[in-house]
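Next come the chains, spelled out residue by residue.
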Amino acid sequence: ALSWACWKTYLGRPKADHIRRVALTQLGNGLSDARHHLDALSVRKTDLLMLRCLGAPEENVLAAQGNLASTYQSLGRFEEALSMRRDVYSGRLKLNGEEHEYTLVAANGYALSLKQLNRFKEVKSVLRKTMPV
């Protein structure tokens, strides 16, 4: 309920307004937390589309993609989650480098998505890049 109230409060602001985007993200988070994953999916897709249309910084786009991947995963749409997590990991490597905290978190998410699909050789490959043995 609080997420909806937040969204309704800032809905009238311009599309490029930062607070409006934060409200949209919070709406998606609230819907996910309440296990309304189909509704969250619609919000997450809208958020990502809006960021791309506005030419938002890559950092923001990658965060939105990560949120969308989590929603796909919650819905059992593991192939779509994997594709999105691969994009996030690749984007983080380019933006932040291989040792940055966000890149390591993205690598972990990518590896977990691979694991859910029983693609263990690829999991091993991804994890070895982030944690050399």
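Residues numbered from 1 in each chain as written. Predicted model: local features only at pLDDT ≥ 70, side-chain atom pairs only at ≥ 80, totals over all residues. Heavy atoms only, no water.

Would you mind going over the overall build of the protein with me for this structure?
Secondary structure summary: the protein contains 7 helices and 0 strands in total. What you see in the protein, going N to C, is helices and strands ordered as α-α-α-α-α-α-α. Looking at the protein as a whole, 37% of its 133 residues qualify as buried. Considering only contacts within the protein whose residues lie at least 6 apart along the sequence, 42% involve residues at least 24 apart. Of the roughly 8100 Å² of accessible surface on the protein, 55% is carried by carbon and sulfur atoms. (Helix = DSSP H or I, 4+ residues; strand = E, 2+ residues; numbered from the N terminus. Buried < 20%, exposed > 50% of the residue type's maximum accessible area, 1.4 Å probe, protein only. Contact = heavy atoms within 4.5 Å. Areas by Shrake-Rupley, 256 points an atom, 1.4 Å probe, with all protein chains shown as cover.)

Help me understand unusual backbone geometry, please; the structure alone is not making it clear to me.
Peptide bonds are trans in most cases, and residues, glycine excluded, mostly fall at negative phi. Of note, Arg35 is a non-glycine position whose phi angle comes to about 65°, a positive value. With respect to the helices and strands, the residue Arg35 is situated in the loop between α2 (18-33) and α3 (37-54).

Would you take a moment to explain helix α4 (residues 58-74) for this structure?
An α-helical turn contains 3.6 residues, so any two residues separated by three or four positions project in the same direction. Its 17 residues give α4 an end-to-end C-alpha distance of 24 Å, which sits within 8% of 24 Å, the value for a rise of 1.5 Å per residue. Listed as buried for α4 are Val61, Leu62, Ala64, Gln65, Gly66, Leu68, Ala69, Thr71, Tyr72 and Gln73. Turning to α4, the residues buried within the fold contact α2, α3, α5 (78-96) and α6 (101-116). Positive backbone phi, approximately 80°, marks Gly76, located one or two places after α4. (Expected span 1.5 Å × (residues − 1).)

What is the right way to read the pattern of salt bridges from this model?
Charged atoms that come close allow side chains of opposite charge to pair. One pass over the full model with this rule turns up 4 salt bridges. Among the ionic pairs, Glu59 bridges to Arg92, the shortest N-O distance being 2.9 Å. Remark: Arg92 occurs in helix α5 and Glu59 occurs in helix α4; sequence separation between them is 33 residues. Classification of Arg92 by relative accessible area gives buried; the value is 7%. The partner of Arg77 in a salt bridge is Glu80, and the shortest N-O contact between them spans 2.7 Å. Taking the relative accessible area as the measure of exposure, Arg77 reaches 28% and is therefore partly exposed. With relative accessibility at 33%, the residue Glu80 sits in the partly exposed group. (Salt bridge = Lys/Arg side-chain N within 4 Å of Asp/Glu carboxyl O.)

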